[in-house]
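Each chain, letter by letter, is given below.
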Amino acid sequence: MIKPFDKPIHVTKPWLPPLEEFQRGLAEIWGRAWLTNNGPVVQRFRAELAEYCETENLCLFANGTLALQIALQGMGITGDVITTPYTFVATVHSLFWNKVRPVFVDIEPGHYTLDPEQVEAAITPWTSAILGVHVYGHPCRLEELERIARQHNLKLLYDAAHAFGVRVNGRPIGQFGDLSMFSFHATKLFHSVEGGMLTFGDGRLRRRFDYLKNFGFENEVEVVMPGTNAKMNELQALMGRLVLKGMGQIVEKRRRLAEAYRCELMSIPGIRTAALAAPGVEYNHAFFPIEVDEREFGASRDDLYNGLKEWNVFARRYFYPLVTDFACYRGIVREGELPVGRSVASRIITLPIFSDLGLDDVVRICDIIRHIHEGRRPLPAGSRTRVPNIVVGAA
Ligand code: T4K
């Protein structure tokens, strides 16, 4: 008999440090009454991140979206940028806010990141950069993209919103390409409530990004460029510093949860887990995506998504719809284009994964998935008819 969860199990839940530690830090901030504008906690957080990311070339921001907008602005990216439709919408919004035209190319199956062959084929004289997304924390094809960018004299940027803590061949992921943006939003495995970070190869960019996030101020009486306000504040940095201390245990717990999911899901027909991390990749287990094959599973992805809710499990369909299917971007690509992205978006579901989740919870979630499967009759080959909903609540 499988029991529904007493409390909602969401796709994620922020890891929080001991409250007393946050209160201690808060008391210090209170005492100083210095809340933002590059205060001492932000400076300390920055120094700790520089050590963690093994680079001095980094800047902190109020959130990841502003960080990416400023990156594009500060690097002078114009014209066309080749990017992926399989991402959170902020990736593409950032291009539009800079009046840059996104050129969408398809992703690779199983891996979900930009297909380098298609990137190369899409280059025109107007292309200025490639913007890859390490979606779910899976690194893009770093070497291939690097080669293409170098050969065609393009900037190579990464939306690494999901990839904090990922290392490739011993190097932090932020050291690849010309620049990477990380999100420290509460829904990320590493967070500062809200927050963002840029890491980059060219150290001269740091000054520029610092101007751009602080109205362009050089000093009290001089403004050197039309900047905006995108500064991280002291309370964000305090949270970030405390969460950084927990990074080791956060990733290790997720690794064990992911392993348990893989093990449990293996025996359920029609459920495919993402490709395992390539050799040399230390993955952060930021998400746990699965693809649902409706015919084999006997129910559609949406049936599973809705079915899970009845058991108090709130998985998410990250990233459905494709960005190119949102009203504000519709019409940019033609029907039939981006077949892999479109197919993945229609089959994907990301299961709950966060530090507070128990291994027994994973087993229960998988039992529920199996139960939903067993309550359905697999569709005959070629058929697209849905079978009626099962009654959920008891096995
Ligand atoms: N690029 C990529 C590839 C991204 O994925 C993102 C953000 C960005 C750029 C932009 O970075 P930021 O500007 O956000 O730093 C969430 C996040 O808001 C967003 O940061 C994230 N990607 C995206 C994938 O997911 P929603 O609208 O799906 O979040 P929401 O509020 O529905 O939360 C999801 C679940 O998390 C909830 O069901 C419960 C749980 N949750 C959420 C919050 C906010 C908590 O347990 N506690 C919380 O405080 O966008």
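Residues numbered from 1 in each chain as written. Predicted model: local features only at pLDDT ≥ 70, side-chain atom pairs only at ≥ 80, totals over all residues. Heavy atoms only, no water.

Quick notes on the site of the ligand
Phase 1: Taken together, 25 residues are adjacent to the ligand, and T65, D159, H162, S183 and Y318 come closest.
Phase 2: In this structure, G64 approaches the ligand through a main-chain N or O atom, which is 2.9 Å from an oxygen atom.
Phase 3: Interatomic distance of 2.7 Å between a side-chain N/O atom of H162 and an oxygen atom of the ligand.
Phase 4: When isolated, the ligand has an accessible area of 930 Å², and the protein chains bury 74% of it.
Phase 5: Looking at the shell around the ligand, the elements that each hand over two or more residues are α3 (64-74), α4 (90-97) and β9 (179-183).
Phase 6: In the shell around the ligand, the residues fall into nine nonpolar, 12 polar and four charged. (Near = heavy atom within 4 Å. Polar contact = N/O pair within 3.5 Å; in protein donor to acceptor, adjacent residues only side chain to side chain. Areas by Shrake-Rupley, 256 points an atom, 1.4 Å probe, with all protein chains shown as cover. Helix = DSSP H or I, 4+ residues; strand = E, 2+ residues; numbered from the N terminus. Nonpolar A, V, L, I, M, F, W, Y, C, P; charged D, E, K, R; others polar.)

Quick word on the sheet that holds strand β7 (residues 167-168)
Two orientations exist for strands paired in a sheet by backbone hydrogen bonds: parallel and antiparallel.
Phase 1: Spatially, β8-β7-β14 is the arrangement adopted by the three strands of the open sheet, whose pairing is antiparallel. Edge positions in the sheet fall to β8 (171-172) and β14 (281-282), since each of these pairs with one other strand and no more.
Phase 2: In this sheet, β14 lies alongside β7 in antiparallel orientation, the contact comprising two bridges. Directly across from R167, in β14, lies its bridge partner E282. (Pairing = 2+ DSSP bridges.)

Overview of the pattern of salt bridges
Phase 1: By the definition in use, this model includes 23 salt bridges.
Phase 2: As a salt-bridge pair, E108 and R141 come within 2.6 Å of each other at their nearest N and O atoms. Of this pair, E108 sits in the loop between β4 (101-104) and α5 (116-121) while R141 sits in the loop between β5 (127-133) and α6 (142-151); the two residues are 33 residues apart in sequence, bridging distant segments of the chain.
Phase 3: Between R342 and D325 there is a salt bridge, with its nearest N and O atoms 2.9 Å apart. Of this pair, R342 sits in helix α12 (residues 339-347) while D325 sits in the loop between β16 (313-314) and α12, and the two are 17 residues apart along the sequence.
Phase 4: Through salt bridges with shared partners, one network takes in E252, R255, R256 and E259. (Salt bridge = Lys/Arg side-chain N within 4 Å of Asp/Glu carboxyl O.)

Observations concerning the packing of aromatic side chains
Phase 1: Taken as a whole and assessed by the stated rule, the structure comprises 20 aromatic pairs.
Phase 2: Both rings, one in Y86 and one in Y136, keep their centres 6.2 Å apart while their planes meet at 75 degrees; by these two values the pair is edge-to-face. Remark: Y136 occurs in the loop between β5 and α6 and Y86 occurs in the loop between β3 (80-83) and α4; sequence separation between them is 50 residues.
Phase 3: Given the relative accessible area of 0%, Y136 is considered buried.
Phase 4: For the ring pair Y86 and F319, a centre distance of 6.0 Å and an interplane angle of 85 degrees mean the geometry is edge-to-face. Residue Y86 is found in the loop between β3 and α4, and its partner F319 is found in the loop between β16 and α12; the two are separated by 233 residues along the sequence.
Phase 5: For F319, a relative accessible area of 6% puts it in the buried group. (Phe/Tyr/Trp six-rings, centres within 6.5 Å; stacked < 30°, edge-to-face > 60°. Buried < 20%, exposed > 50% of the residue type's maximum accessible area, 1.4 Å probe, protein only.)

A word on the packing of helix α9 (residues 247-265) against helix α13 (residues 359-374)
Phase 1: Axis separation between α9 and α13 bottoms out at 9 Å; the angle between their running directions is 30 degrees. Comparing their axes, α13 and α9 come out roughly parallel. Two packed elements cross with a definite hand, and for α9 against α13 that hand is right-handed. Every residue of α13 that contacts α9 at R256, L257, A260, Y261, E264 and L265 is listed here: L359, V362, V363, I365, C366, I369 and R370. (Axes fitted to C-alpha atoms, helices over the stretch in contact; angles between N-to-C directions. Parallel < 35°, antiparallel > 145°, perpendicular 65-115°, else oblique. Left-handed = near helix turned anticlockwise from the far one by under 90°. Contact = heavy atoms within 4.5 Å.)

Overview of the sheet that holds strand β17 (residues 348-351)
Phase 1: One open sheet accounts for three strands, arranged β13-β15-β17; its pairing is antiparallel. Strands with a single pairing partner mark the edges of an open sheet, and in this sheet they are β13 (271-273) and β17. The sheet shows a mean angle of 35 degrees between the axes of neighbouring strands, direction not considered.
Phase 2: Against the sheet, α9 makes contact with β13, β15 (288-292) and β17, and its axis sits at roughly 20 degrees relative to β15, the strand it touches most.

A word on helix α8 (residues 234-245)
Phase 1: Between the first and last C-alpha of α8 there are 17 Å, a value that for 12 residues agrees with the 16 Å anticipated at 1.5 Å per step.
Phase 2: Burial analysis of α8 places nine of its 12 residues in the buried class, the great majority of the element.
Phase 3: For α8, the set of buried residues is E234, Q236, A237, L238, M239, G240, L242, V243 and L244.
Phase 4: Near the N-terminus of α8, the side chain that reaches the backbone nitrogen of L235, with its oxygen 2.9 Å away, is that of N233. (Expected span 1.5 Å × (residues − 1).)

Thoughts on the environment of I349
Phase 1: On the secondary structure map, I349 appears in strand β17.
Phase 2: Looking at I349, the relative accessible area reads 0%, which means it is buried.
Phase 3: Counting along the chain gives 31 residues from I349 to Y318, while the straight-line C-alpha distance between them is 6.4 Å.
Phase 4: Apart from residues lying up to four places away in sequence, I349 is in contact with F288, P289, I290, V292, R301, L304, Y305, L308, A315 and R316.

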